[in-house]
Amino acid sequence: VSRANSALVLQTKEINPSLYQAQVSFKGNGEGFIALFKAYDPGWKAYRIMNHESGIMNFANLASPFLFGDEIKNHMEVNGWANGWLMDESRSMNPVRPFDRTQGRQAQGKHESRIIIVYLPQYLEYAGFAILIITFIALSGRFLLKKLHR
């Protein structure tokens, strides 16, 4: 049984090799499928996040989608090696119909979602770097304080 893919990827952006952003439009009712052609790993996670007027909130959503977003749970292997997610458009966090430029009116039966795809194990490396820097600063400060008190 095959189903039509109602998801249309409008725009993608690679922030870094472990973080991607996509704007996805859904036509009609049904499920959509998106793929990330990087080696399959269960550490890749996809999140549906809200667009905000505030640039700070958009940055927070992008930097930590696991805190502010809705995880897309249907992660699967595609073509024997890549990552894919099956999405239900009815769960879209942005059920705003986009403006149809060709017709000059609101597009009927469409929904858009902002999707963030992140490799979560990479955040462990970032946490390790942060701990390393904090430890270096603390030890340097302690060493300087001891030297000043002599």
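What you are looking at is a predicted structure, and each value in this text was computed from that prediction instead of being measured. (Residues numbered from 1 in each chain as written. Predicted model: local features only at pLDDT ≥ 70, side-chain atom pairs only at ≥ 80, totals over all residues. Heavy atoms only, no water.)

### Some words on the overall build of the protein chain
Scanning the protein chain from N- to C-terminus turns up three helices and 10 strands. What you see in the protein chain, going N to C, is helices and strands ordered as β-β-β-β-α-α-β-β-β-β-β-β-α. Buried positions account for 31% of the 150 residues belonging to the protein chain. Once local pairs closer than 6 in sequence are excluded, the contacts in the protein chain between residues at least 24 apart make up 65%. Roughly 10000 Å² of accessible area belongs to the protein chain as shown, and the carbon and sulfur atoms make up 60% of that amount. (Helix = DSSP H or I, 4+ residues; strand = E, 2+ residues; numbered from the N terminus. Buried < 20%, exposed > 50% of the residue type's maximum accessible area, 1.4 Å probe, protein only. Contact = heavy atoms within 4.5 Å. Areas by Shrake-Rupley, 256 points an atom, 1.4 Å probe, with all protein chains shown as cover.)

### Here we look at the packing of aromatic side chains
Applying the stated criterion across every chain, the model contains five aromatic pairs. Centroid distance Tyr20 to Trp44: 6.1 Å. Interplanar angle 50 degrees. Geometry classified as tilted. Here the residue Tyr20 occupies a position in strand 2 (residues 19-27), and Trp44 occupies one in strand 4 (residues 44-49), the gap between them amounting to 24 residues. For the pair Tyr123 and Tyr126, a centre-to-centre distance of 5.6 Å together with 75 degrees between the ring planes defines the contact as edge-to-face. Here Tyr126 and Tyr123 lie together in helix 3 (residues 121-148), a separation of three residues that amounts to about one turn. Given the relative accessible area of 22%, Tyr123 is considered partly exposed. For Tyr126, a relative accessible area of 37% gives the class partly exposed. (Phe/Tyr/Trp six-rings, centres within 6.5 Å; stacked < 30°, edge-to-face > 60°.)

### Points about the sheet that holds strand 7 (residues 82-88)
Spatially, three strands are ordered 3-7-6 in an open sheet, and the strand pairing comes out antiparallel. Whereas interior strands pair on both sides, the edge strands pair on one side only; in this sheet they are strand 3 (31-36) and strand 6 (75-78). If you compare each strand with its neighbour and ignore which way they point, the axes differ by 35 degrees on average. In the sheet, strand 3 pairs with strand 7 via six bridges, with the strands oriented antiparallel. Its bridge partner lying in strand 7, Ala35 is registered against Gly84. (Pairing = 2+ DSSP bridges. Axes fitted to C-alpha atoms, helices over the stretch in contact; angles between N-to-C directions.)

### Concerning the confidence of the model for the protein chain
Averaged over every residue, the pLDDT of the protein chain is 82; the share at 70 or more is 81%. Mean pLDDT in the protein chain bottoms out at strand 9 (residues 105-106), which sits at 41, and peaks at strand 6, which reaches 95. (pLDDT = per-residue confidence, 0-100.)

### Details of the pairing of strand 1 (residues 7-16)
Pairing analysis gives eight bridges linking strand 1 to strand 2, with the strands arranged antiparallel. In the strand pairing of strand 2, Leu8 is matched with Ser25.

### Topic: the pairing of strand 2
The buried fraction of strand 2 is high, at seven of nine residues. Linking two consecutive strands that pair antiparallel, namely strand 1 and strand 2, is a turn of two residues.

### Some thoughts on the nonpolar core
In this structure, Val24, Ile34, Trp85, Met87, Ile115 and Ile117 are the most contacted members of the largest nonpolar core, which totals 14 residues. Only strand 2, strand 3, strand 4, strand 7 and strand 10 (110-119) provide two or more residues apiece to this core. Here this core gets four residues from one element, more than from any other, and that element is strand 2. If you look at the next biggest cluster of nonpolar residues, it comprises six residues, including Leu19, Tyr47, Ile49 and Leu62. (Core = buried A, V, L, I, M, F, W, Y, C linked by side-chain atoms within 4.5 Å.)

### Considerations on a nonpolar patch on the surface
On the surface, Met57, Phe66, Leu67 and Phe68 cluster together to form a nonpolar patch covering roughly 370 Å² of accessible area. Top element by residues in the nonpolar patch is helix 2 (residues 65-68). It accounts for three residues. On the basis of relative accessibility, which here comes to 30%, the residue Met57 falls in the partly exposed class. (Patch = residues over 30% accessible without salt bridge, like charges linked within 9 Å, V, L, I, M, F, W, Y side chains within 5 Å. Salt bridge = Lys/Arg side-chain N within 4 Å of Asp/Glu carboxyl O.)

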